[in-house]
Amino acid sequence: MLLTTSNSSIIKKICSHQESHTNGVIPCGNDQHNLLEPIIIEGKHLTLEQLVQIVRNHRNVELSDDADICNRMEKSVAIIADVVNASQPLYGVTSLFGGLGNRLVCSELAEELQNNLVRAHKTGCGSTIPLETIRAAMILRANAHFIGAS
């Protein structure tokens, strides 16, 4: 992207917005960790050391485009879709949670159930979660999806 006066002001707005949520700590594009090869997320070989590099040092990350990994993920998605479409009981997907886990929801409401779960977990939780924790959770979640068992 060519840096012009108009998009320069947009970048400044984004940076000031980001600063308000990061206590002024913004990863620098020229950071030495971003000069290293990116860490590839592919579901099997993510180490604790790599996770620390990603979340604390803003090391670049790429998602694998390996055909076998993508096939595993597609199979996992297809299994969940089949369960939902057949209205089969699957805890937390086609059923409610906790003490209501024996109550099923119709396939038309399964997606809404998932969205409501996310909404319920992001409200009223207390203080704001540190960005490192959020980045770690996002990377670990992506890594779990690449396993193809989620």
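The structure we're discussing is the one just above.
Residues numbered from 1 in each chain as written. Predicted model: local features only at pLDDT ≥ 70, side-chain atom pairs only at ≥ 80, totals over all residues. Heavy atoms only, no water.

Asker: What is the right way to read the environment of Leu109 from this model?
Answerer: Among the structural elements, Leu109 can be located in helix α4 (residues 107-122). For Leu109, a relative accessible area of 40% gives the class partly exposed. For Leu109 and Thr94, which are 15 residues apart along the polypeptide, the C-alpha to C-alpha distance reads 8.3 Å. (Helix = DSSP H or I, 4+ residues; strand = E, 2+ residues; numbered from the N terminus. Buried < 20%, exposed > 50% of the residue type's maximum accessible area, 1.4 Å probe, protein only.)

Asker: What is the right way to look at the packing of aromatic side chains in this model?
Answerer: Aromatic rings in a pair are described by how distant their centres are and how their planes are angled relative to each other. Counted by the stated rule, this structure contains one aromatic pair. When the ring of Tyr91 is compared with that of Phe97, the centres are 6.0 Å apart and the planes differ by 90°; the resulting orientation is edge-to-face. On the basis of relative accessibility, which here comes to 54%, the residue Tyr91 falls in the exposed class. (Phe/Tyr/Trp six-rings, centres within 6.5 Å; stacked < 30°, edge-to-face > 60°.)

Asker: I would appreciate a short explanation of the side chain of Arg59 in the present structure.
Answerer: Position of Arg59 among the secondary structure elements: in the loop between α2 (48-57) and β2 (61-63). From its side chain, Arg59 meets the backbone oxygen of Glu37 in a polar contact 2.7 Å long. (Polar contact = N/O pair within 3.5 Å; in protein donor to acceptor, adjacent residues only side chain to side chain.)

Asker: When you look at the environment of Asn85 in this model, what are you seeing that I'm missing?
Answerer: Mapped onto the elements of the fold, Asn85 is located in helix α3 (residues 67-85). Classification of Asn85 by relative accessible area gives exposed; the value is 61%. Once the C-alpha coordinates of Asn85 and Ser107 are considered, the two residues, 22 residues apart in sequence, prove to be 5.8 Å apart.

Asker: Please explain the packing of α2 against helix α5 (residues 131-147) as it appears in this structure.
Answerer: The packing of two helices is summarised by the inter-axis angle and the distance between the axes. Interhelical geometry of α2 versus α5 gives an angle of 135° and a closest axis separation of 9 Å. Taken as axis vectors, α2 and α5 run oblique relative to one another. Crossing hand, α2 versus α5: right-handed. In this structure, α2 uses Leu51, Ile54, Val55 and Arg56 to contact α5, whose residues at the interface are Glu132, Arg135, Ala136, Ile139 and Leu140. For the contact of α2 with α5, a count of residues per class yields six nonpolar, no polar and three charged. (Axes fitted to C-alpha atoms, helices over the stretch in contact; angles between N-to-C directions. Parallel < 35°, antiparallel > 145°, perpendicular 65-115°, else oblique. Left-handed = near helix turned anticlockwise from the far one by under 90°. Contact = heavy atoms within 4.5 Å. Nonpolar A, V, L, I, M, F, W, Y, C, P; charged D, E, K, R; others polar.)

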